[in-house]
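# Fold and geometry: a report
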Protein chains: 2
Amino acid sequence: MTRAARMPPAARAILDGDRRALARVISQVENRDPKVAAISRALYPKTGGTPIIGITGPLGVGKSSLINLIVARLRELDRSVGVVAVDPSSPFSGGSVLGDRIRFERRADDAGVFFRSMASRGEAGGVAAATREVARLMDAAGFDVVLVETVGSGQVDIAIRDIASTSVVVLVPHLGDEVQTLKAGLFEIADVFCVNKADLPGADLARKDLSELVGLGAGRSGWTPLVVSTSTTQPSGVEALWTAVETHERFLDSSGQRGIEERRRLSAEIVELVRERVGRELSVRLDRDPDLRKVVDDVVSRKIDPREAAERLERGSAFRR
Amino acid sequence: MTRAARMPPAARAILDGDRRALARVISQVENRDPKVAAISRALYPKTGGTPIIGITGPLGVGKSSLINLIVARLRELDRSVGVVAVDPSSPFSGGSVLGDRIRFERRADDAGVFFRSMASRGEAGGVAAATREVARLMDAAGFDVVLVETVGSGQVDIAIRDIASTSVVVLVPHLGDEVQTLKAGLFEIADVFCVNKADLPGADLARKDLSELVGLGAGRSGWTPLVVSTSTTQPSGVEALWTAVETHERFLDSSGQRGIEERRRLSAEIVELVRERVGRELSVRLDRDPDLRKVVDDVVSRKIDPREAAERLERGSAFRR
């Protein structure tokens with residue numbers, strides 16, 4: 001039986017450009033439907049060729065407006081684009097941070113654009129995995145570019161490095177003033193800095209400060225992050241922003257970093273998947289397997305501490321047989 | 001060699017009530033100093049007897065003021081108390097959310113109180129593990145009660161269930177009005193609901209709504225969450241709040257749930273530690289071991305997908321030998 005013969009109909013439909021099928025499978029990813037694994041596996045050989053561009057930054061810096069303008073720019077360039085926005089939910093709000101605020105211009109008539117907002121729930125690792133899965137589905141669906149927006153949730157924002165080939169960090173001028181305190185975190189994420197709301201006072205200074213700071217460090221793997229200014233109210237700078245993104249994408253190819261970075265990202269994904277499987281299996285066995293229950297008993301009775309139990313479980317035959 | 005003979009001096013000092021030693025080891029936990037493992041292991045047999053009370057809820061509901069009043073109440077009852085407040089940091093702010101705002105009344109003269117604010121950085125799982133470690137150090141240090149405050153970070157807030165024996169969820173009246181949308185999340189966490197700012201309009205209604213909602217569900221494991229109202233500006237309700245906490249602690253003993261819950265928490269901790277060890281070891285081996293590099297090669301070249309790689313690595317002999 002060939003791979004093609006085994007391809008699930010939903011995967012076939014996505015490859016054929018069926019947007020409803022794409023939307024349905026994305027919903028399945030959100031709902032952690034186990035059927036996704038087979039679809040994803042069938043599509044995987046068709047992925048990897050699409051630039052995945054992360055757009056990240058604090059709440060309120062205008063990421064969504066910026067993305068609307070980037071999409072418009074990409075359409076001018078006749079490139080199709082899939083957008084996934086990760087909308088964190090909180091156990092306190094019980095819903096998404098952004099609610100049902102309409103975040104993206106509807107472009108219902110334009111088959112070259114596909115927007116999807118994803119409510120995220122549960123642990124950060126799960127959210128990052130689901131986001132990567134959706135970006136990969138859009139890659140398989142044949143879009144020329146995939147944009148991934150993450151919304152001000154520390155853990156998920158950091159995870160963008162494990163999903164995107166180019167990461168844009170969006171800031172606003174008053175944050176630029178505090179740039180001295182931004183420290184390592186952002187520099188680990190950003191391939192491009194975008195100072196949005198460039199019409200506000202302080203924007204030039206913010207950009208200058210950032211450029212200086214960026215110049216100080218060697219940048220990771222031979223790349224010095226680019227700094228651009230944009231405004232979404234009096235639209236400006238979006239062409240320059242996109243040029244910066246493309247410059248980084250070309251750098252990935254010319255430097256050989258694309259392969260290195262992709263390998264790093266895939267390795268991290270594999271490690272996370274193994275961690276998950278091990279955790280799931282061990283949780284069940286700690287409850288059911290008498291030998292393993294005994295180890296927990298010893299921790300409960302304070303004979304050994306949890307670290308020692310973990311060492312035994314990992315090293316000992318109990319866990320390996 | 002007996003256990004006592006092997007006890008690290010820092011562990012000995014903590015058991016002897018040395019508060020500076022306690023503060024130093026907590027700093028080591030924050031800095032992920034590997035020396036903590038031996039100290040923690042030596043102290044573990046001395047832990048488990050202290051109620052760990054989680055105080056959680058959104059930013060701005062007055063948790064810190066409430067904790068100051070709870071501490072005052074505990075001192076009236078002549079009980080010593082350790083407090084750890086988890087202060088989430090963001091890659092965007094580059095520092096803690098609360099900054100150096102003085103959050104707790106200083107009680108420098110009172111040896112029966114120990115406050116510690118912990119800046120948290122990195123992934124949610126790491127923050128939860130560090131918080132548990134600090135609560136356990138305070139337990140070993142002999143405090144009668146340990147309070148753990150988490151500050152409005154979804155993932156860490158949920159983790160409180162894996163740390164505390166009793167969890168208090170603090171809300172304010174206007175959140176109470178939206179209680180219909182709070183849904184399952186909070187009910188999974190709360191043993192006690194506290195409607196703070198009871199002097200604000202709507203407080204009675206919020207409390208009534210919550211009480212009704214709480215009455216609908218069976219509660220987990222036979223416990224129906226208690227609902228109390230407090231005010232920190234015109235201090236009131238704090239005695240009732242503490243009584244509610246003690247009622248839950250007594251329920252844990254009388255129902256046999258304490259042992260069941262402790263076992264669940266320790267099992268979850270062991271699973272997390274194994275996951276971490278497996279992830280760390282695998283990351284290194286994926287890079288260095290030729291057989292494992294081959295698996296990553298196959299993922300990079302799209303021969304197999306990351307899930308299949310993870311299955312092979314977990315099941316195959318390559319990972320088990």
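Residues numbered from 1 in each chain as written. Chains lettered and ligands numbered in written order. Predicted model: local features only at pLDDT ≥ 70, side-chain atom pairs only at ≥ 80, totals over all residues. Heavy atoms only, no water.

## Thoughts on helix α5 (residues 63–76) of chain A
Under the 1.5 Å per step criterion, the end-to-end length of α5(A) is 20 Å for 14 residues, consistent within 8% with the ideal 20 Å. Within α5(A), burial applies to Lys63(A), Ser64(A), Leu66(A), Ile67(A), Asn68(A), Ile70(A), Val71(A) and Leu74(A). (Helix = DSSP H or I, 4+ residues; strand = E, 2+ residues; numbered from the N terminus. Expected span 1.5 Å × (residues − 1). Buried < 20%, exposed > 50% of the residue type's maximum accessible area, 1.4 Å probe, protein only.)

## Some points on the pattern of salt bridges
For the structure shown, the criterion picks out 62 salt bridges over all chains. Between Glu133(A) and Arg307(B) there is a salt bridge, and its shortest N-O distance comes to 2.7 Å. Note that Glu133(A) is positioned in helix α6 (residues 124–140) and Arg307(B) in helix α14 (residues 306–315), a pairing that runs across two chains. Among the residues examined, Glu133(A) registers a relative accessible area of 11% and is labelled buried. (Salt bridge = Lys/Arg side-chain N within 4 Å of Asp/Glu carboxyl O.)

## Regarding the packing of helix α14 (residues 306–315) of chain A against helix α12 (residues 257–288) of chain B
Running from N to C, α14(A) and α12(B) point in directions that differ by 55 degrees, and their axes come no closer than 9 Å. In this view, α14(A) runs oblique relative to α12(B), as classed from their interaxial angle. Judged by the twist between their axes, the crossing of α14(A) over α12(B) is right-handed. Residues Pro306(A), Arg307(A), Ala309(A), Ala310(A), Glu311(A), Leu313(A), Glu314(A) and Arg315(A) of α14(A) form the contact with α12(B), whose own contacting residues are Leu266(B), Glu269(B), Ile270(B), Leu273(B), Val274(B), Arg277(B), Val278(B) and Glu281(B). Partitioning the contact of α14(A) with α12(B) into residue classes produces 9 nonpolar, no polar and 7 charged. (Axes fitted to C-alpha atoms, helices over the stretch in contact; angles between N-to-C directions. Parallel < 35°, antiparallel > 145°, perpendicular 65-115°, else oblique. Left-handed = near helix turned anticlockwise from the far one by under 90°. Contact = heavy atoms within 4.5 Å. Nonpolar A, V, L, I, M, F, W, Y, C, P; charged D, E, K, R; others polar.)

## Here we look at the packing of helix α5 (residues 63–76) of chain B against helix α11 (residues 238–255) of chain B
Residue and element names in this part refer to chain B. Here α5 crosses α11 at 75 degrees, and the two axes come no closer than 10 Å. In terms of orientation, α5 and α11 fall into the roughly perpendicular class. Residue-level contacts link Leu66, Leu69, Ile70, Arg73 and Leu74 of α5 to Val238, Glu239, Leu241 and Trp242 of α11. Looking at side-chain class alone, the contact of α5 with α11 contains 7 nonpolar, no polar and 2 charged residues.

## What to know about the environment of Glu281(A)
By secondary structure assignment, the location of Glu281(A) is in helix α12 (residues 257–288). Residues Glu281(A) and Leu241(A) lie 40 residues apart in sequence; the distance between their C-alpha atoms is 46 Å.

## Focus: the confidence of the model for chain A
Residues and elements named next belong to chain A. Looking at chain A as a whole, its pLDDT mean stands at 83, while 80% of the residues score no less than 70. Considering only residues more than four positions removed or in separate chains, one finds that residues 176–183, a stretch of pLDDT under 50, has 15 contacts. Reported for the predicted complex are a pTM of 0.82 and an ipTM of 0.87. (pLDDT = per-residue confidence, 0-100.)

## Focus: the packing of aromatic side chains
One pass over the full model with this rule turns up 4 aromatic pairs over all chains. Centre to centre, the rings of Phe114(A) and Phe143(A) are 6.2 Å apart; their planes meet at 40 degrees, and the pair counts as tilted. Here Phe114(A) is found in strand β3 (residues 113–120), whereas its partner Phe143(A) is found in the loop between α6 and β4 (145–150), with 29 residues between them in sequence. Each ring, one from Trp223(B) and one from Phe251(B), has its centre 5.0 Å from the other, and the planes form 40 degrees; the classification is tilted. Of the two residues, Trp223(B) is situated in the loop between α10 (203–216) and β7 (226–229) and Phe251(B) in helix α11; the sequence distance between them amounts to 28 residues. The same class applies to Trp223(B) as to Phe251(B), namely buried. (Phe/Tyr/Trp six-rings, centres within 6.5 Å; stacked < 30°, edge-to-face > 60°.)

## Some points on the environment of Leu147(B)
Residues and elements named next belong to chain B. By the secondary structure assignment, leucine 147 is in strand β4 (residues 145–150). With relative accessibility at 0%, the residue leucine 147 sits in the buried group. On a C-alpha basis, the gap between leucine 147 and arginine 288 in space is 44 Å, while along the polypeptide they are 141 residues apart. For leucine 147, the contacting residues outside a window of four places in its chain are Ile53, Ile67, Ile70, Val71, Val81, Gly82, Val83, Val84 and Trp242.

## Topic: the pairing of strand β5 (residues 166–171) of chain B
All names here are of chain B. Of all the 6 residues making up β5, 6 are buried; the element is thus mostly covered by neighbouring parts of the structure. Across the two faces of β5 the burial is the same, with Thr166, Val168 and Val170 and Ser167, Val169 and Leu171 all buried. In this sheet, β5 lies alongside strand β1 (residues 52–56) in parallel orientation, the contact comprising 4 bridges. Within β5, the residue paired with isoleucine 53 across the bridge is threonine 166. The sheet contact formed by β5 and strand β6 (residues 192–195) spans 4 bridges and is parallel. The partner of valine 168 across the bridge, within β6, is valine 192. (Pairing = 2+ DSSP bridges.)

## Some remarks on the side chain of Arg277(B)
Structurally, Arg277(B) is set in helix α12. When neighbours within four sequence positions are excluded, Arg277(B) is seen to be in contact with Ala310(A), Glu311(A), Glu314(A) and Arg315(A).

## Digging into unusual backbone geometry
At Arg32(A), a position not held by glycine, the phi torsion is positive, near 55 degrees. Mapped onto the elements of the fold, Arg32(A) is located in the loop between α3 (19–30) and α4 (36–43). Phi angles above zero are rare outside glycine, and Asp78(B) is one such case at about 65 degrees. Among the structural elements, Asp78(B) can be located in the loop between α5 and β2 (81–88). Overall, Asp78(B) belongs to the exposed group, its relative accessible area being 63%.

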